[in-house]
Amino acid sequence: MREENIEPIFNLHTHTHLCKHASGKVVDYCQIAADNGLELLGISDHCPLPEQNQFCDTRMDPEELDVYKAELNEAKICFPQLKILTGMELDYFPKYGLDYYWDLKKQCELDYFIGGVHYVFNQKGDLLWRRRGENSKELVNNYIRQAVEMMETGLLDYLTHPDLIGSSIDEWTPWVNDAFRELVKTAIKLDIPLEVNAYGIRKGIIQTAGGPRWRYPVPSFWKMAAEYEPRTVIGADAHSPETLLEEWTTCRTLLQEVGLTPCNKEIAEKILKRKDPRKK
């Protein structure tokens, strides 16, 4: 499974069975990491929300936080040779307030947050359902607005799958690309890396009005983003242990083709230093 002749993999985007749409315990992912010589692995399941009926089928329940912590502690004992970072992937809902997320980070002794927009709302709070073939300005502009708001919270170590909405957009037209410039410029201004996401590649090719492409990452987005030279990371977004290392080279190649270099190791080292301030 290990891809040869590449620098070490530092993956910070990993899900477990607790998010209800993935499989495997923390130790299962760590076993794959250890077997393939990885030095570090970040576990980042979807963070719970205080309202249990709010998108409860895609994240752990609040009462499962102790299970999450226990699984991580077990893995650290079983794999002392592996640096295991404790994180979560969040959706930012302003109605809960920033304190909810900061308190959660403290309560769970999290090392980091990553986050991305999974649910698009208009400014009235109505959910805009993402359907294939839809690229309305309302959908795109609200997606970008939410991504910008999330980056501005100061919570994130990086923004996951910034072009996730490509799953819904049948044709990534020039006006869509231009709209996304605000997202890229905000990421650069706030020094927040953008993620090339391997899960979108693993989902396969779709046929669109603009021709065949992955759901995401969207090559047109990354060509535009490269004009501004944002920092980037590769995220496995693994939803089963066997997919932990899949499509890593494909993501790297996409970045190379547009002239960008992933900074996964740099981000991981930053988190480790924050975890232990004595490290220089």
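Residues numbered from 1 in each chain as written. Predicted model: local features only at pLDDT ≥ 70, side-chain atom pairs only at ≥ 80, totals over all residues. Heavy atoms only, no water.

This part covers the confidence of the model for the protein chain. Put simply, the protein chain has an average pLDDT of 93, and 93% of its residues get 70 or more. The low-confidence segment residues 1-6, where pLDDT is below 50, has 15 contacts with residues more than four positions distant or belonging to other chains. (pLDDT = per-residue confidence, 0-100. Contact = heavy atoms within 4.5 Å.)

With that settled, the discussion passes to empty space enclosed by the protein. In this structure the tally under the stated criterion is 2 cavities of 30 Å³ or more. Size it by volume and the largest cavity reaches roughly 60 Å³. As for the largest cavity, its lining consists of Asp-91, Tyr-92, Phe-93, Gly-116, Val-117, His-118, Tyr-119, Gln-146 and Met-150. (1 Å grid on protein atoms, 1.4 Å probe; cavity = no way out; pocket = protein on both sides within 12 Å on 5 of 7 lines; lining within 4 Å. Points joined across faces, edges and corners; volume = space filled by probe spheres on them.)

A few words on the side chain of Thr-232. Checked against the element boundaries, Thr-232 lands in strand β11 (residues 232-235). In this structure the side chain of Thr-232 is engaged in a polar contact, spanning 3.2 Å, whose partner is the backbone oxygen of Thr-261. With sequence-adjacent residues up to four places away left out, Thr-232 is seen in contact with Pro-193, Leu-194, Trp-222, Leu-255, Leu-260, Thr-261, Pro-262, Cys-263 and Asn-264. (Helix = DSSP H or I, 4+ residues; strand = E, 2+ residues; numbered from the N terminus. Polar contact = N/O pair within 3.5 Å; in protein donor to acceptor, adjacent residues only side chain to side chain.)

Within the structure shown, the criterion is met by 13 aromatic pairs. Note on Trp-172 and Phe-221: the rings are 6.4 Å apart at their centroids and 75° apart in plane angle, and the pair reads as edge-to-face. Placement of Trp-172 in the loop between β7 (158-159) and α5 (174-179) and of Phe-221 in helix α8 (residues 219-226) is noted, with a sequence separation of 49 residues between them. For the pair Trp-172 and Phe-221, one class covers both residues: buried. Taken together, the aromatic side chains of Phe-55, Tyr-92, Phe-93, Tyr-96, Tyr-100, Tyr-101, Tyr-119 and Phe-121 make up a single cluster linked through ring pairs. Lying across the ring of Trp-175, Lys-137 places its NZ or CZ 5.6 Å from the centre. (Phe/Tyr/Trp six-rings, centres within 6.5 Å; stacked < 30°, edge-to-face > 60°. Buried < 20%, exposed > 50% of the residue type's maximum accessible area, 1.4 Å probe, protein only. Lys NZ or Arg CZ within 6 Å of the ring centre and 35° of its normal.)

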